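Residue-level listing of the chains:
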Amino acid sequence: MEPEVIESEIVLPTHFSFKKTQMYEKYPKGQARGRHWKHLKQIIQAENYQNYPPNEPNYVNIESPPSMHPCKRICDITGFEAPYLDPRTSLRYANADVFKLIRSLPNEYVQRYLALRNAAVVLK
C-alpha cells in the first residue's frame, strides 16, 4: 500500500449513530430487560391492603357485589357468543352450521351438553 495511507491517523468514533447498540452494551450483565410482571403476592405487599376497609372489594377480598350486566350466553358446541337458542333441544348455538350439527346430534349427546351447562332437562 501507499505509505501516506498507512501513516495517516484516522480517528473513528467508537459508536456510529446508524448502528444498533448491542444488547450487552445496553443491558449489562445482571440488569433486567423489558417489562416485569408482578405476582399477586407482590401486588398485595406493595398496596398495603390491610389498611383498606373490609367491605371494599380488592385483590384480597373475593366478596364483591353481583354484576349489573346480564351474563353472556355462550354456544354449547363452539364456545363463541350465542345469540340463538334451539327450541327443541334448548342448546345455545352461534351460527347456522352449528344449528345443523345440533339437530343431527343423538338425544344422549344433547343431554350431556345440557348437563355440562347445569341445565339438564329430560327431553321427549
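You'll find the protein entered in an unreviewed UniProt entry as Vps72/YL1 C-terminal domain-containing protein, with Nyssa sinensis given as the organism. Of the comments in the UniProt record for the protein, the one headed Subcellular location (unreviewed entry) reads "Nucleus".

Okay, the overall build of the protein next. For the protein, the count of helices and strands is 5 helices and 2 strands. Along the protein, helices (α) and strands (β) appear in the sequence α-α-α-β-β-α-α when read from the amino end. For the protein, the exposed area adds up to about 11600 Å²; of that, 56% sits on carbon and sulfur atoms.

Turning to the packing of aromatic side chains, a few remarks are in order. This structure, assessed with the given rule, holds 2 aromatic pairs. Consider the rings of Tyr93 and Phe99, whose centres lie 4.9 Å apart with planes at 40 degrees: the pair is tilted. Residue class for Tyr93 comes out buried when judged on its relative accessible area of 12%.

Bringing the environment of Cys75 into the picture now. Position of Cys75 among the secondary structure elements: in the loop between helix H3 (40–47) and strand S1 (84–85). The buried category is assigned to Cys75, whose relative accessible area is 4%. Sequence-wise, Cys75 and Leu85 are 10 residues apart; in three dimensions their C-alpha atoms are separated by 8.9 Å. Not counting chain neighbours up to four residues away, the residues in contact with Cys75 comprise Phe80, Glu81, Ala82, Arg92, Tyr93, Ala94 and Val98.

Turning to the UniProt feature "domain: Vps72/YL1 C-terminal" (unreviewed entry) in the protein, a few remarks are in order. Here the UniProt feature "domain: Vps72/YL1 C-terminal" (unreviewed entry) sits at residues 73–102. Taken end to end, residues 73–102 is 23% helix and 13% strand, and its first and last C-alpha atoms sit 16 Å apart.

By the element assignment, Arg117 lies in the segment after helix H5 (107–116). For the pair Arg117 and Ile74, spaced 43 residues apart in sequence, the C-alpha separation works out to 9.8 Å. Among all residues touching Arg117, those that are not within four sequence positions of it are Asp76, Ser90, Leu91 and Arg92.

Turning to the nonpolar core, a few remarks are in order. One finds Cys75, Ala82, Leu91, Tyr93, Ala94, Val98, Ile102, Leu105, Val110 and Leu114 forming the largest nonpolar core, which totals 10 residues. Dropping the residues within four chain positions of it, Tyr93 is found in contact with Cys75, Ala82, Pro83, Tyr84, Leu85, Asp86, Val98, Phe99 and Ile102.

Pairing of side chains with opposite charge becomes possible as their charged atoms draw close. A complete count under the given rule lists 2 salt bridges for this structure. Asp76 is the salt-bridge partner of Arg117, the closest N and O atoms lying 2.6 Å from each other. Remark: Asp76 occurs in the loop between H3 and S1 and Arg117 occurs in the segment after H5; sequence separation between them is 41 residues. The class for Asp76 is buried, based on a relative accessible area of 16%.

Parameters and conventions
- Residues numbered from 1 in each chain as written.
- Predicted model: local features only at pLDDT ≥ 70, side-chain atom pairs only at ≥ 80, totals over all residues.
- Heavy atoms only, no water.
- UniProt positions renumbered as here; feature names shortened; annotations may be inferred.
- Helix = DSSP H or I, 4+ residues; strand = E, 2+ residues; numbered from the N terminus.
- Areas by Shrake-Rupley, 256 points an atom, 1.4 Å probe, with all protein chains shown as cover.
- Phe/Tyr/Trp six-rings, centres within 6.5 Å; stacked < 30°, edge-to-face > 60°.
- Buried < 20%, exposed > 50% of the residue type's maximum accessible area, 1.4 Å probe, protein only.
- Contact = heavy atoms within 4.5 Å.
- Core = buried A, V, L, I, M, F, W, Y, C linked by side-chain atoms within 4.5 Å.
- Salt bridge = Lys/Arg side-chain N within 4 Å of Asp/Glu carboxyl O.

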